[in-house]
Structure formats: structure tokens, C-alpha cells
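Here's the letter readout for the chains.
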Amino acid sequence: MFCLGGLSLSMLVSCRNNVLKMSCSQLVVDRIDPLVNPGVLGSPHLHQLVGGNSLNATMDPNNNPGELSTCTTCTFPDDFSNYWTAVMYFRARNGTYKRVKQVGAIGSETARGGGITVYYLAPHKDPTNIVPFRDGFRMRNGDSSVRNATSASRFQGIDYTCLVREDTRYTNRSATFPDHMCPMGILTTIYFPPCWDGINLDSPDHYSHVSWPTEADYNDGAPCPATHPVKIPQIIFEVQWDTREFNTPELWPEEPGTQPFVWSFGDAKGYGHHGDYIFGWTGGVLSKAFSDDEGCLGPGNMLCELNMQSIEKAIQCMMETSVREEVDGWLEKMPGGVEAEP
Ligand SMILES: *[C@@H]1O[C@H](CO)[C@@H](O)[C@H](O)[C@H]1NC(C)=O
Ligand SMILES: *[C@@H]1O[C@H](CO)[C@@H](O)[C@H](O)[C@H]1NC(C)=O
Ligand SMILES: *[C@@H]1O[C@H](CO)[C@@H](O)[C@H](O)[C@H]1NC(C)=O
Ligand SMILES: *[C@@H]1O[C@H](CO)[C@@H](O)[C@H](O)[C@H]1NC(C)=O
């Protein structure tokens, strides 16, 4: 068994055998958004995307990434899923933008471009009857159009951690960009809904076919609502933004209470942060990991061996960007002509 819970999530789930933790190097930083703008080369804003290399702007639901990919940037070579988030920029006093560097999570420092640390969680209390997705499943959490707490309340599980130490967790949290300098950078976390309607692999908003437990925490065995009765693994993204080079008062905006970071979609508050997922595990490997009798994450807590690849191997998997444009350096506007909103 490789309870990879490790340092970061272990404080939450007390690292029993109920979590798969994986490091996913960046596959590409590109202006595509396969779920929200399928087929569009030059989506409204820039993303970082990780996972299987069958990724493209279209991602027709009839195509199986597990069959079309030849490599993945993630820890488990049987996982050709794709995971993506927006990217963060720093806005200087002179109005130009610089992309904020990312770093890999603890233990994944060599991940290319920092990437995304992805967790698949089974409830600690009752890890039975978890349906580990189906081919064609996709979902997202959060929405780039959200700009205030009222609208954001439709979503759950999206927040910011001001890193005091690299392993700061469950404290120094906020629903928006921290309004003060964070000594070790900013961690953004997206928990995905762990309840599914059991029928639809997707929905028009990519969100309505999934939902949240009726009470308390999925991890504590909370039941799913009758509308979405099927428990799925809870997916969690962690992304660490290395804002340290900007931790100088002279670089921060002069107006008190404001901060200099902005998402690639123009949101300088942070309520619009979002993440996307397309399932792409192959060979029934994820189902086996979660199965009740022989799974390493199920109640049996069996020893099981999932193939793993090193980060050195994973970073050999890469892609060309489909939209050629400047995304780094000091930019007058962010890619797509996006500017920070007041
Ligand atoms: C994406 O890949 C699929 C499958 O290979 C292909 O049919 C489609 O044309 C590709 N889309 C783009 C925009 O390249
Ligand atoms: C804008 O400000 C940044 C940060 O101080 C600086 O590095 C950059 O050179 C400036 N650009 C211009 C055009 O002045
Ligand atoms: C929040 O945003 C929504 C639309 O995004 C808007 O309709 C609503 O008035 C806003 N609420 C507040 C309190 O600003
Ligand atoms: C972190 O939280 C502690 C306790 O609330 C607080 O004293 C400290 O100032 C916070 N630090 C940062 C950098 O947010």
C-alpha cells in the first residue's frame, strides 16, 4: 500500500488508507477550456492543464482519454484524466502583469511548472459503495463569472490559504485572495462535489449532475442527498502559487485593503476561482482501488499495488500549446486581452 496522504492532506484525513495523492506536472499552459468552450482555440482566458496527452480544445465526450493518450503527467500511469485551473497574475503599480510561478506541493517539488496536486478521497468513516466514476464523466466546480459571496455560495469547497509555512493547512484561510502578504505564498484548494445523480456523465453547467452531502462532511460518512444518491470519490486540487518575489510593500498597491493578485480571467477578488475535471483512468484501475473487497481505499484496506511513475518520467510527457502567444514576461494585458477588474 502506498498511503500517499503524506504531509499535506494527512492532517485532514489522518492518512488512513483512504486517499490517493498524486502529483501532476503541467502538461501545457494554454488558452483552451474544453468543457466551457469546447473546440475553441483561444478561449476567453488562460489555464494550466495537467494529465493525459490526448488533451485538446474539443474533448468530445465520445472519445476516451484512456484510449487516446500515450502518456500522463500524473503519478499513476493509468490515469489519463485531465485536470485544470486558471492561472494567477501579479499586477504591478504600473499596470503590467506577470504570471505568478507555481511550485509543486511538499514531496513534489520537481513537478514541472508546479502543476496540480490531486487527491481522490474515500470517506474515512464509511468507505463502502463508492462508485469511482464512469468513462465520459466530467464536472467542474466554481465559475469564472462569480464576483461576490452571494453568487459564490452556490458552490462549496473553494478557498485560499495564506501560507505562513509551506505546510500551513486549515488555518489562515479565506474565500478570496488574502489581503496581506503571505510569507510562503498562496495555496488554492478546490474540493469537488462527492455526490452524483448516478445517471448523467455531464450536465449543461457541468455541475448540476453532482452535489454535496446533506449534512456535515463527506469524510465523516455524511449521506448524499436523494437527488444525487451515488457517492463518488471526492477529488481535491491543491495549487501552490509562489508569490514570494512580490512580498515587498513597494510592489503592493498603495490603497489599503487591496492586494495585487488577479486571476487570468480578470477577477481581482477571487470569488471566481474554478477547476475542471475529465475522467480518464484506464483498465478499471481506479475502480479496483476503491472496490469494497479488494480495494486499497475500500473498507478492506487491502494491500494493493497501483503502478506509479516518477516525476522524472511524468515530465517527459508534454504538449505544444495550441494558442501561440506570450503568457510570461511583463504583459500590458493578460492573454486574451483580459485586464484586472476594479
Ligand atoms: C481533438 O482530438 C480528437 C481526437 O483525436 C480529434 O477528433 C479532434 O479533431 C481534436 N480537436 C482539435 C481542436 O484538435
Ligand atoms: C512595471 O513594474 C514592474 C514591477 O515593478 C517592473 O518590473 C516593470 O519593468 C515595469 N514596466 C514598465 C514598462 O515600467
Ligand atoms: C452578486 O453578483 C450577481 C451576479 O453575478 C449580482 O446579480 C448580484 O447583484 C451581486 N450581489 C451583490 C450583493 O453584489
Ligand atoms: C495566520 O493566522 C494566525 C492566527 O489567526 C495569525 O496570527 C497570523 O497573523 C496569520 N498569518 C498570516 C500570514 O496570515
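Rules of the game
Residues numbered from 1 in each chain as written. Chains lettered and ligands numbered in written order. Predicted model: local features only at pLDDT ≥ 70, side-chain atom pairs only at ≥ 80, totals over all residues. Heavy atoms only, no water. UniProt positions renumbered as here; feature names shortened; annotations may be inferred. Helix = DSSP H or I, 4+ residues; strand = E, 2+ residues; numbered from the N terminus. Disulfide = S-S within 2.5 Å. Buried < 20%, exposed > 50% of the residue type's maximum accessible area, 1.4 Å probe, protein only. Near = heavy atom within 4 Å. Polar contact = N/O pair within 3.5 Å; in protein donor to acceptor, adjacent residues only side chain to side chain. Areas by Shrake-Rupley, 256 points an atom, 1.4 Å probe, with all protein chains shown as cover. Nonpolar A, V, L, I, M, F, W, Y, C, P; charged D, E, K, R; others polar. Patch = residues over 30% accessible without salt bridge, like charges linked within 9 Å, V, L, I, M, F, W, Y side chains within 5 Å. Salt bridge = Lys/Arg side-chain N within 4 Å of Asp/Glu carboxyl O. Lys, Arg positive; Asp, Glu negative; His and termini not counted. Charge placed at Lys NZ, Arg CZ, Asp CG, Glu CD. Contact = heavy atoms within 4.5 Å. Pairing = 2+ DSSP bridges. Axes fitted to C-alpha atoms, helices over the stretch in contact; angles between N-to-C directions.

Quick word on the UniProt feature "domain: DUF1996" (unreviewed entry) in the protein chain
Under the present numbering, the feature "domain: DUF1996" (unreviewed entry) in UniProt falls on residues 33-281. With 3% helix and 25% strand, residues 33-281 has its two end C-alpha atoms placed 20 Å apart.

Some remarks on the state of the cysteines
Scanning the model with the defined rule gives 4 disulfides in all. With its sulfur 2.1 Å from that of its partner, cysteine 24 forms a disulfide with cysteine 74. The sign of the 115 degrees torsion about the S-S bond sets the cysteine 24-cysteine 74 disulfide as right-handed. Taken together, the residues cysteine 24 in strand 1 (residues 19-24) and cysteine 74 in the loop between helix 2 (65-68) and strand 4 (82-86) connect sequence positions 50 residues apart. The pair formed by cysteine 24 and cysteine 74 is uniform in burial state, with each residue classed as buried. Sulfur-sulfur distance for the disulfide between cysteine 71 and cysteine 317 comes to 2.1 Å. Between cysteine 71 and cysteine 317, the S-S dihedral sits near 75 degrees, and the bridge is therefore right-handed. In this pair, cysteine 71 sits in the loop between helix 2 and strand 4 while cysteine 317 sits in the segment after helix 5 (311-314), placing the two residues 246 residues apart along the sequence. For cysteine 71, a relative accessible area of 23% corresponds to the partly exposed category. Residue classification places cysteine 317 among the buried positions, given a relative accessible area of 2%.

Describing the site of ligand 2
Taken together, the neighbourhood of ligand 2 is formed by Ala92, Asn94, Thr96, Leu251 and Trp330. For ligand 2, an oxygen atom lies 2.4 Å from a polar atom in the side chain of asparagine 94. Tryptophan 330 places a polar side-chain atom, nitrogen or oxygen, 3.5 Å from an oxygen atom of ligand 2. Contact with the protein chains covers 44% of the free accessible surface of ligand 2, which is 360 Å². A per-class count over the shell around ligand 2 returns 3 nonpolar, 2 polar and no charged.

Description of a negative patch on the surface
Where like charges cluster on the molecular surface, the negative patch consists of Asp126, Asp292, Asp293 and Glu294. With respect to the helices and strands, aspartate 293 occurs in the loop between helix 4 (285-290) and helix 5. Note on aspartate 293: relative accessible area 58%, which makes it exposed.

Quick notes on the side chain of serine 264
Among the secondary structure elements, serine 264 is positioned in the loop between strand 17 (261-263) and strand 18 (275-278). On the basis of relative accessible area, serine 264 is assigned to the buried category, the value being 0%. Of note is the side chain of serine 264, whose polar atom sits 2.7 Å from the backbone oxygen of leucine 46. Excluding residues that lie within four positions of it along the chain, serine 264 makes contacts with His45, Leu46, Ala86, Val87, Tyr89, Met334 and Val338.

As for the sheet that holds strand 14 (residues 210-211)
Pairing in this open sheet of 3 strands is antiparallel, and the strands run 14-13-15 from one edge to the other. Of all strands in the sheet, those with a lone pairing partner are strand 14 and strand 15 (230-231), marking the two edges.

A word on the environment of glycine 275
Checked against the element boundaries, glycine 275 lands in strand 18. Using a relative accessible area of 0% as the deciding quantity, one classes glycine 275 as buried. The spacing of glycine 275 and histidine 124 is 151 residues in sequence and 24 Å in space, taken between C-alpha atoms. Ignoring anything within four residues of it in the chain, the contact list for glycine 275 reads Trp84, Met139, Arg140, Asn141, Ile190, Phe192 and Phe237.

Let's talk about the pattern of salt bridges
Under the counting rule described, the total for this entry stands at 14 salt bridges. When the shortest N-O distance is used, the salt bridge between arginine 154 and aspartate 205 registers 2.9 Å. Of this pair, arginine 154 sits in the loop between helix 3 (149-152) and strand 10 (158-162) while aspartate 205 sits in the loop between strand 13 (195-196) and strand 14, and the two are 51 residues apart along the sequence. Among the residues examined, arginine 154 registers a relative accessible area of 46% and is labelled partly exposed. Here arginine 173 and aspartate 159 are joined by a salt bridge, their closest N and O atoms 2.9 Å apart. Highlighted residues: arginine 173 in strand 11 (residues 173-174) and aspartate 159 in strand 10, separated in sequence by 14 residues. The class for arginine 173 is partly exposed, based on a relative accessible area of 38%. What you see here is one network of salt bridges that share partners, running through Arg140, Asp143 and Asp276.

Considerations on the sheet that holds strand 3 (residues 47-51)
Strand-to-strand pairing in sheets goes through backbone hydrogen bonds, with the strands running parallel or antiparallel. With antiparallel pairing, 5 strands are arranged side by side in an open sheet as 2-3-4-18-9. Of all the strands in the sheet, just strand 2 (26-30) and strand 9 (138-141) have a single pairing partner and so form its edges. Along the sheet, successive strands turn relative to each other by an average axial angle of 15 degrees, direction set aside. Across 4 bridges, the pairing between strand 2 and strand 3 is antiparallel. For aspartate 30, the partnering residue across the bridge sits in strand 3 and is histidine 47.

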